[in-house]
Amino acid sequence: DDDDDTGWTDAAEMAQRASRLLRDVAGVRPRHRLVYLTAEMRFRAPLPVCRTADAAAAVPTLQFLVLGDLGQTDDSVRTRDGLRRALHVGEGRGGAAAVAAVLHAGDLAYADGYHPRWDSYLALHAGLSSGVPWHVCPGNHEIETDARSGRIFQAFETIYRMPAPRRDSVRAVLAPCRTADACDPTPSVLTATYDYGNAFHSLSYDGHAGPWPAGVKIIFLNSFTHTGPGSPQHAALLSELRSVDRTATPWVVLVMHCPIYNTFADHHREKHAVRMAENMETVWADAGVDVVLAGHVHGYMRSRPVYNGTVVDPRVGAAPTYIIVGTGGNRDGHARAYFDKDGPEEWVAYRNKDWSGYGTFEALDDTRARWRWMMDDGTGGHVVGDEAVIRRGQRGGSGPTVHDRIP
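Notes on the structure in this doc start here. Here the structure is a predicted model, which means the values were calculated and not measured.

1. Quick look at the overall build of the chain
A tally of regular secondary structure across the chain gives seven helices and 17 strands. Expressed as a percentage of the 407 residues in the chain, the buried residues total 55%. Taking as baseline every contact in the chain between residues at least 6 positions apart, the subset at least 24 positions apart corresponds to 73%. For the chain, the exposed surface amounts to about 17,100 Å²; the carbon and sulfur share of it is 51%.

Here is the structure:
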């Protein structure tokens, strides 16, 4: 609705229109095709189709496609095509892993308050997102200060229910932006509160429910709200970690937008990432979180197991592996430079600032997971740019350990 001739529309109106399309559907079966039609689509062909998630018995091992900072550029299209190929191969190769879900670490459409870009973004990957569950967390490009009210995250709230809305506690602190040049609608550092239902949430793939060798618990966090003790997000994280059953979900993975370990010059030690590390790193390390996925920086990095800046040998201790996969395509180009020009930090296992791509995480068994970063090969395909078998750390020894004591 371009009623002001700029494309900068009132997100509240957008939400009212979209609410007519949001419905909970009961009684559907796994791997079931749903055809849907609205009054606005009555002349559209072919009819839109989505497929429900696989039954437990249909997925021999759990594999997830991972990306961040997708956007709508030529690089974005190549990433989307790579995800499509990965999904197709996963469905068709018998005893190997099939794709359970896509995990998107924020920065989605890069609409930045221009709502028609949301339409083009959703159309860009409609054939993919209708065939596999697509789970997201908010990035700074979802802040989108509303053109009239100054409210934030309105389009993100309207489009995504992760997993369901709860009482809105957004505090509107930004001034309205009437044009793209009036102010920055997507600040990397935000002073606000955003504790809506899709800001932080979790999902579990229970190892007891099917034949796969290991289950996975995935917790999504929000880099753009309070993280300290007593905040809703801190309390939710504690609750989620206390509820983990390691016999059902031995693997625990966090997904957030802003990395707390960052080898790149871009977004290095931004204050909200530093604050999250101060408030939460010990909590999730003590709980035995295995992998932390992030985007925000338009480069790729995989760390060694690390806690408080110190590498932890998984043979004697346990600490998370941190991965930046903000290489989906974005809109601003690749990361400009590494922070330390003399070489990578001790905790960096691999880094790349020059190519786009996406990742895959596959839980092989209770102690091993395979990670791959699939790098754009420059010809329209993808090759393995980085690969590692991540091993869950041992109880006892030095460093943070896997145990049930959560502060």
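2. Brief notes about helix α3 (residues 116-124)
Trp-118, Tyr-121 and Leu-124 are the residues of α3 that are buried. Along the axis of α3, the buried positions cluster into a sector of 120 degrees, meaning they face one direction only. Those residues of α3 that are exposed and angled more than 90 degrees off the buried face are Asp-119 and Ala-123.

3. So, the packing of helix α6 (residues 232-242) against helix α7 (residues 271-286)
Following both chains from N to C, one finds α6 and α7 inclined at 5 degrees, their axes separated by 11 Å at the closest point. The orientation of α6 relative to α7 falls into the category roughly parallel. The segment α6 lies against α7, with Gln-233, His-234, Leu-237, Leu-238 and Leu-241 engaging Asn-279, Met-280, Val-283 and Trp-284. Here the contact of α6 with α7 is built from residues that sort into six nonpolar, three polar and no charged.

4. With respect to the sheet that holds strand β16 (residues 368-376)
Strand order in this open sheet of six strands is β5-β4-β3-β15-β16-β17, and the pairing throughout is mixed. Bordering the open sheet on either side are β5 (134-136) and β17 (382-391), each of which pairs with just one other strand. Across the sheet, the mean angle from the axis of one strand to that of its neighbour is 25 degrees, orientation sign disregarded. In the sheet, strand β4 (residues 98-104) pairs with β5 via three bridges, with the strands oriented parallel. The residue bridging His-104 from the neighbouring strand is Val-136, located in β5.

5. Remarks on unusual backbone geometry
The phi dihedral of Tyr-110 is positive, around 55 degrees, even though this residue is not glycine. Inspection of the secondary structure assignment puts Tyr-110 in the loop between β4 and α3. Backbone geometry places Phe-153, a non-glycine residue, at a positive phi of 60 degrees. As for its placement among the helices and strands, Phe-153 is situated in the loop between β5 and α5 (154-159). Relative accessible area serves as the criterion here: at 0%, Phe-153 is assigned to the buried category.

6. With respect to the nonpolar core
Ranked by size, the top nonpolar core spans 62 residues in total, and within it Trp-134, Leu-221, Leu-241 and Trp-284 carry the most contacts. When residues in this core are grouped by element, the largest group, five residues, is from α7. If sequence neighbours within four positions are ignored, Trp-134 has contacts with Leu-67, Leu-70, Leu-83, Val-102, His-104, Tyr-121, His-125, Leu-128, Ser-129 and Met-162. Ranked by size, the runner-up nonpolar core spans 30 residues in total, among them Ala-100, Ala-101, Trp-371 and Ile-390.

Conventions adopted
- Per chain, residue numbering runs from 1 following the sequence as it is written.
- pLDDT decides what is reported in this predicted model: residues at 70 or higher carry local features, side-chain atom pairs at 80 or more are listed and counted, and totals for whole chains, interfaces and linings draw on all residues regardless.
- Side-chain figures throughout are based on the complete set of non-hydrogen atoms in the structure, without hydrogens or water.
- Put simply, DSSP H or I for four residues or longer makes a helix, DSSP E for two residues or longer makes a strand, and each gets a number counted from the N terminus.
- Each residue's exposure class comes from its accessible area (1.4 Å probe, protein chains only) as a fraction of the maximum for that residue type: buried when under 20%, exposed when over 50%, partly exposed otherwise.
- Residue contacts are counted whenever heavy atoms from the two residues lie within 4.5 Å of one another.
- Using a 1.4 Å probe, accessible areas were evaluated by the Shrake-Rupley method; residue-level cover was limited to the displayed protein chains.
- As used here, the arc is the angular range of directions from the helix axis to the C-beta atoms.
- A fitted line through C-alpha atoms serves as each axis, taken over the contacting stretch for helices, and the angle formed by two N-to-C directions is quoted from 0 to 180°.
- Every angle not falling under 35 degrees, over 145, or within 65 to 115 is termed oblique; those three ranges are roughly parallel, roughly antiparallel and roughly perpendicular.
- Any residue that is not Ala, Val, Leu, Ile, Met, Phe, Trp, Tyr, Cys, Pro, Asp, Glu, Lys or Arg is counted as polar, Gly included; the first ten are nonpolar and the last four charged.
- For two strands to be treated as a pair, DSSP must find at least two bridges joining them.
- By nonpolar core we mean a set of buried residues, namely Ala, Val, Leu, Ile, Met, Phe, Trp, Tyr and Cys, connected to one another through side-chain atoms within 4.5 Å.

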